[in-house]
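# Observations on the model geometry
Okay, here's what each chain looks like letter by letter:
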Amino acid sequence: MKALVLEKAGQLSLRDIYIDEHLGTDDVRIKVHTVGICGSDVHYYQHGAIGLFVVRHPMVLGHEASGTVIEAGAGVKHLKAGDRVCMEPGIPDPNSRAARLGMYNLDPAVRFWATPPVHGCLRETLVHPANFVFKLPENVGFDEGALVEPLAVGVHAARKAQIKPGDVALVIGAGTIGIVTAMAATAGGCSRVIIADVIQEKLDLAASLGMIAVNVKRDDLNEIVARLTFGWGADVVFEASGSEAAVSKVFEPLCLGGRVVFIGMPPHPVPVDIVAAQVKEARVETIFRYAHAYPRALLLLESGKVNLKPLITDRYRFEDSIAAFEYASNPRPSSVKTVIEL
Ligand SMILES: [Zn+2]
């Protein structure tokens, strides 16, 4: 089948590849429809590695996908051929200790699309365990289906923050993950979501979605948060930038007893001011991908509480996948999500 293959750092080809996939009793075969390009895909393309994960053999990219079921294994009850679906890209060992404890995303044996050596989803068809495949509601299209993956990160982060009605949240970073986190926080009951970045075009989009956008190059974030919270501070701070400067100041806009959720992944270890956290008795949470977040993300889309359509800023055809990656490596500043349609 045709696939977008990362041969090695900086070298992509759209070519035939043989992937030995057997349809097991509990699997479905899916014709892929739409795939979102993620920062991690671009990073593998540019550098051939993320931390300890190194691309040593040609690997198909992509992990944000929607499609249509074309064949279902004999044991599959909840899906049939013709169903429009989205797929959760990380498959744990269901018998691992982490999986049995509900933390299947942390299972060291998890096989995650487009994380070497596992092939991703930028290919014509794939086989996937049906338990990690979710039917799209009638009113949710393939575009939004592909973006359930990043939305799941936001849902997981909002859940970890234990948002209460009326909370004020601050999200640092207005990339895709920052924006979907802000959306999940709003849907979760926040009265106000402030979002901070240094790129004005990204902030303009966030503002058009109802978020309070702050350009930290120009404005004093702590002062604005104080003004919007009767001087008290934000109940929740989501760190979604991974930037060292942002992490070092993450407790400043937080209220006493507030929660900080670390979502962004700094490329190197960065200093954190422990005393700044202690004097506020801050509760610190971290997330790694997500677990059990797809059903909630889909319900938010179906109910209209979250609308992902404005995030799709650029669209390419499968034949132009390489051009799509070249673009995503150096996108215009207003770009949020580039999708590829098969
Ligand atoms: Zn992603």
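Provided above is the structure to which this section pertains.
Values in this document were obtained by computation on a predicted structure and should not be read as measured data. (Residues numbered from 1 in each chain as written. Predicted model: local features only at pLDDT ≥ 70, side-chain atom pairs only at ≥ 80, totals over all residues. Heavy atoms only, no water.)

## Things to note about a nonpolar patch on the surface
A cluster of nonpolar side chains, L101, M103, L106, M265 and F288, forms an exposed patch at the surface whose accessible area comes to about 500 Å². Within the secondary structure layout, M103 lies in the loop between helix 2 (97-100) and strand 10 (111-112). Judged by its relative accessible area of 38%, M103 falls in the partly exposed class. (Patch = residues over 30% accessible without salt bridge, like charges linked within 9 Å, V, L, I, M, F, W, Y side chains within 5 Å. Areas by Shrake-Rupley, 256 points an atom, 1.4 Å probe, with all protein chains shown as cover. Salt bridge = Lys/Arg side-chain N within 4 Å of Asp/Glu carboxyl O. Helix = DSSP H or I, 4+ residues; strand = E, 2+ residues; numbered from the N terminus. Buried < 20%, exposed > 50% of the residue type's maximum accessible area, 1.4 Å probe, protein only.)

## Brief notes about the coordination of the zinc ion
Binding of the zinc ion to the protein goes through C38 (SG), H63 (NE2) and E64 (OE), at separations of 2.2 to 2.5 Å. Each donor residue of the zinc ion belongs to the same chain, and together they define the spacing C-x24-H-E. Residue C38 is found in the loop between strand 3 (27-36) and helix 1 (39-47), and its partner E64 is found in strand 7 (residues 64-72); the two are separated by 26 residues along the sequence. Pair check on accessibility: C38 and E64 agree, each one buried. (Donors = N, O, S within 2.8 Å, 3.2 Å for Na, K, Ca; no water.)

## Looking at the sheet that holds strand 16 (residues 234-239)
The strand order across the open sheet built from six strands is 15-14-13-16-17-18, with neighbouring strands paired in parallel fashion. Every interior strand has two partners, whereas the edge strands, strand 15 (212-215) and strand 18 (283-286), have only one. The average undirected angle you get between the axes of adjacent strands in this sheet is 20°. Sheet topology note: the strand 13 (residues 168-172)/strand 16 ladder contains four bridges and is parallel. Within strand 16, the position partnered with I172 by the bridge is E239. The strands touched by helix 5 (residues 176-187) within the sheet are strand 13, strand 14 (192-197) and strand 16, with strand 14 carrying the most contacts at an inclination of about 170°. Packing against the sheet, helix 7 (residues 221-228) makes contact with strand 13, strand 14, strand 15 and strand 16, and its axis sits at approximately 175° to strand 14. (Pairing = 2+ DSSP bridges. Axes fitted to C-alpha atoms, helices over the stretch in contact; angles between N-to-C directions. Contact = heavy atoms within 4.5 Å.)

Worth remembering: the numbers are spatial, not functional.
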